[in-house]
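# Fold and contact review
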Amino acid sequence: MDNPAALRHLPRKDEGAHTMTTGFFWDERCFWHAGGNYVFTMPVGGLVQPLAAGGLPENPETKRRMKNLMEVTGLFAELDTRSAAPANREALARVHPETYLDDFKRLSDAGGGELGHAVPFARGGYELAALSAGLSIAAVDAVARGKLQNAYALSRPPGHHCLPDLPNGFCLLANIAIAIEAAQAKGLAKRVIVLDWDVHHGNGTEAIYYDRDDVLTISLHQEGNYPIDTGGLKDRGRGAGEGYNINLPMHAGSGHTAYLHAMDRVVIPAIEAFAPDMIIVACGYDAAIIDPLARMQATAETFAEMTKRIRSTAERLCDGKLVLVHEGGYSEAYVPFCGHATIAALAGSKIDAPDPMARSLHARQPSPAFDAFLRQSIDDMAWQLDL
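What you see is a predicted model; the values in this text were computed from it and never measured. (Residues numbered from 1 in each chain as written. Predicted model: local features only at pLDDT ≥ 70, side-chain atom pairs only at ≥ 80, totals over all residues. Heavy atoms only, no water.)

### A look at the packing of helix H1 (residues 60-73) against helix H10 (residues 335-347)
The following threshold applies: Lines fitted to the C-alpha atoms define the axes, with helices restricted to the stretch that makes contact. Angles between their N-to-C directions range from 0 to 180 degrees. Only DSSP runs of H or I with at least four residues qualify as helices, and only runs of E with at least two residues qualify as strands; both kinds are numbered from the N terminus onward. Here roughly perpendicular refers to angles of 65 to 115 degrees, roughly parallel to angles under 35, roughly antiparallel to angles over 145, and oblique to all remaining angles. Handedness of a helix crossing follows the sense of rotation of the near helix relative to the far helix, less than a right angle counterclockwise being left-handed and clockwise being right-handed. Here, residues are in contact when the closest pair of their heavy atoms is within 4.5 Å. Think of it as three bins: nonpolar holds Ala, Val, Leu, Ile, Met, Phe, Trp, Tyr, Cys and Pro, charged holds Asp, Glu, Lys and Arg, and polar takes everything else, Gly as well.
For the pair H1 and H10, the least separation of the axes is 8 Å and the interaxial angle reads 55 degrees. Taken together, the axis directions place H1 and H10 in an arrangement best described as oblique. The hand of the H1/H10 crossing is right-handed. Residues Thr 62, Arg 65, Met 66, Leu 69, Met 70 and Thr 73 of H1 touch H10, and the partners they reach there are Val 335, Pro 336, Phe 337, Gly 339, His 340 and Ile 343. Here the contact of H1 with H10 is built from residues that sort into 7 nonpolar, 4 polar and 1 charged.

### Observations concerning empty space enclosed by the protein
We apply this condition: Only protein atoms enter the calculation, which uses a 1 Å grid: trapped sets of points that fit a 1.4 Å probe without letting it out are cavities, open sets showing protein on both sides within 12 Å along at least five of seven lines are pockets, and any residue with an atom within 4 Å of a point is a lining residue. Grid points are joined across faces, edges and corners, and a volume is the space filled by probe spheres set on the points.
In this structure the tally under the stated criterion is 1 cavity of 30 Å³ or more. When its volume is computed, the largest cavity comes out at roughly 60 Å³. Residue assignment for the lining of the largest cavity shows that the elements contributing at least two residues are strand S8 (192-196), helix H7 (203-209), strand S9 (215-222) and strand S10 (245-250). Split into classes, the residues belonging to the lining of the largest cavity amount to 3 nonpolar, 7 polar and 2 charged.

### Here's the deal with the sheet that holds strand S7 (residues 150-153)
Let me state the cut-off plainly: Whether two strands pair comes down to DSSP finding at least two bridges between them.
Here 8 strands make up an open sheet; going across it, the order is S4-S1-S7-S12-S11-S8-S9-S10 and the pairing parallel. Sheet topology places strand S4 (80-82) and S10 at the edges, where each strand pairs with a single neighbour. Adjacent strand axes in the sheet meet at a mean angle of 15 degrees, parallel and antiparallel pairs treated alike. Each of strand S1 (22-25), S4, S7, strand S11 (278-283) and strand S12 (322-326) is contacted by helix H5 (residues 125-144), which is oriented at about 180 degrees to S7, the strand it contacts most. Across the sheet, H10 lies against S1, S7, S11 and S12, angled at about 160 degrees from S7, the strand it touches most.

### Here's the deal with unusual backbone geometry
Of note, the bond from Arg 156 into Pro 157 is cis; its omega dihedral lies within 30 degrees of zero at 5 degrees. Within the element layout of this structure, Pro 157 appears in the loop between S7 and helix H6 (175-185). Residues Tyr 226 and Pro 227 are joined by a peptide bond in cis, for which omega reads -15 degrees. Following the sequence through the fold, Pro 227 ends up in the loop between S9 and S10.

### Thoughts on the packing of aromatic side chains
How two aromatic rings sit relative to each other is given by the distance of their centres and the angle of their planes. The line we're drawing: The pairing test for Phe, Tyr and Trp rings, Trp by its six-membered ring, is centres within 6.5 Å, and the orientation test on the planes gives stacked under 30 degrees, edge-to-face over 60, and tilted for anything in between. Relative accessible area decides the class of each residue, using a 1.4 Å probe on protein chains only: under 20% of the type maximum gives buried, over 50% gives exposed, and in between gives partly exposed. Distance and angle both matter: a charge sits over a ring if NZ of Lys or CZ of Arg is within 6 Å of the ring centre and within 35 degrees of the ring normal.
Per the stated rule, a full pass over the model turns up 11 aromatic pairs. Between the aromatic rings of Phe 24 and Phe 76, the centroid separation amounts to 5.8 Å while the plane-to-plane angle is 80 degrees, which identifies the pairing as edge-to-face. Of the two residues, Phe 24 sits in strand S1 while Phe 76 sits in helix H2 (residues 75-78), which places them 52 residues apart along the sequence. Each member of the pair, Phe 24 as well as Phe 76, is classed as buried. Positioned above the aromatic ring of Trp 26, the side-chain terminus of Lys 67 is 4.3 Å from the ring centre. Above the ring of Phe 274, the side-chain terminus of Arg 191 is found at 3.9 Å from the ring centroid.

### Overview of H10
Formally: Working rule for helices: expected span equals 1.5 Å times residues minus one.
Here H10 is 13 residues long and its end C-alpha atoms lie 18 Å apart, about the 18 Å a rise of 1.5 Å per residue gives. The buried fraction of H10 is high, at 12 of 13 residues. What H10 keeps buried is the set Val 335, Pro 336, Phe 337, Cys 338, Gly 339, His 340, Thr 342, Ile 343, Ala 344, Ala 345, Leu 346 and Ala 347. Of the residues trailing H10, Gly 348 is marked for its positive phi of about 65 degrees.

### Some words on the layout of surface pockets
Roughly 450 Å³ of volume is contained in the largest pocket. In this structure, the largest pocket is lined by 26 residues; those nearest its centre are Ala 300, Glu 301, Ala 304, Ala 341 and Asp 355. Contributing elements (two or more residues each) for the lining of the largest pocket: helix H8 (256-274), helix H9 (300-317), H10 and helix H11 (358-363). For the lining of the largest pocket, a count of residues per class yields 12 nonpolar, 7 polar and 7 charged.

### Points about the pattern of salt bridges
For clarity, the threshold we go by: Take a side-chain nitrogen of Lys or Arg and a carboxyl oxygen of Asp or Glu: if they are within 4 Å of each other, that pair is a salt bridge.
Overall, the coordinates contain 24 salt bridges when judged by the stated rule. Between Arg 64 and Glu 28 there is a salt bridge whose closest N-O contact spans 3.0 Å. Remark: Glu 28 occurs in the loop between S1 and strand S2 (38-39) and Arg 64 occurs in helix H1; sequence separation between them is 36 residues. Notably, a salt bridge pairs Asp 141 with Lys 186, separated by 3.1 Å at the nearest N-O pair. A residue pair is termed long-range when its members are at least 10 positions apart, and Asp 141 in helix H5 and Lys 186 in the loop between H6 and S8 qualify at 45 residues. It is possible to trace a salt-bridge network through shared partners that takes in Asp 264, Glu 305, Lys 308 and Arg 309.

### What about the nonpolar core?
Applied cut-off: Only buried Ala, Val, Leu, Ile, Met, Phe, Trp, Tyr and Cys residues count toward a nonpolar core, and they belong to the same one when joined by side-chain atoms within 4.5 Å.
Counting residues in each nonpolar core, the largest one holds 66 residues, and the members touching the most others are Phe 24, Tyr 152 and Trp 197. Examining the composition of this core, we find that 10 residues originate from one element, H8, more than from any other. Setting aside residues up to four positions removed in sequence, Trp 197 forms contacts with Leu 220, Met 263, Val 281, Ala 282, Cys 283, Gly 284, Phe 303, Met 306, Thr 307, Ile 310 and Leu 324. If you look at the next biggest cluster of nonpolar residues, it comprises 49 residues, including Val 95, Ala 139, Ala 189 and Met 278.

This is the structure in structure tokens:
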């Protein structure tokens, strides 16, 4: 090895002093989820030429490389790593209509295809999506029961765009909602917050809980990105759910300072007012500065600092009961560093994977004048939200 100092010793689980109270739920089979013939988000055909390699931006490599980095640094060995059983039909049917599940299963068994918008799947896609949801269920269950302090579910395919009867945005099943409903059915949680910091609006989660007051949904997302017709500031819920949905559509170009200001000015006050039993984060890394599907300027440090804030809030309000569920993030080069920083912060680990782009990305952060504009925009939205 040319530079042995560049790699850390890989500790066994029994040799470190760090207490393993953070769970990491993953399964190699989730990386095997595959879709159709796409170039970026465009189906191949006509003038769209096929790629020699790749396809949809949602691919296994961002997740696999994140896990690989965690293994190399030793962070993986500090975690309580587990798999889980696939979500059963009863669990899925608490969120999704039987007709949708039947159609999904039938097409999956027939070799795969596509039911929604840019959500192709291969043979066995139903079972892999159920496994992804199962990881979320198991993570939430273990934390709710006090078996783990907090947890991270490396769920794939993701879930926050999936409507009850329509998959879209790479999402086939609503992983987080399925996990919440399973926990509530067992009496493990009554009031839950879903904080979605994926750069795209969490329209699926919002739609599922839009009429309810027992789940507060908060979405920080780039304004006018995806979906283009949801995520407005004035969309606050309906009926019993009025006031229990919060959207913060942030300006393109928002960076580290703006995201932390949004956490301090909007997210944490809203969580404190709701007083949850548990906090679940829809954790996407596509707000990172070099992500191909967004125009934001967050960094690995941003995700670490947001995680520290939300972990501290959970410790104050709900005995630390916090689960992060993986959503988007499409830079194979940078997601591993964002994910490592996030999970290290969640676990309170001292193991670091230094961001190799930190200096360059810091230099590209918004100017003081633009940051002041972004902060004022967030303050204005907070005022309109009565926060």
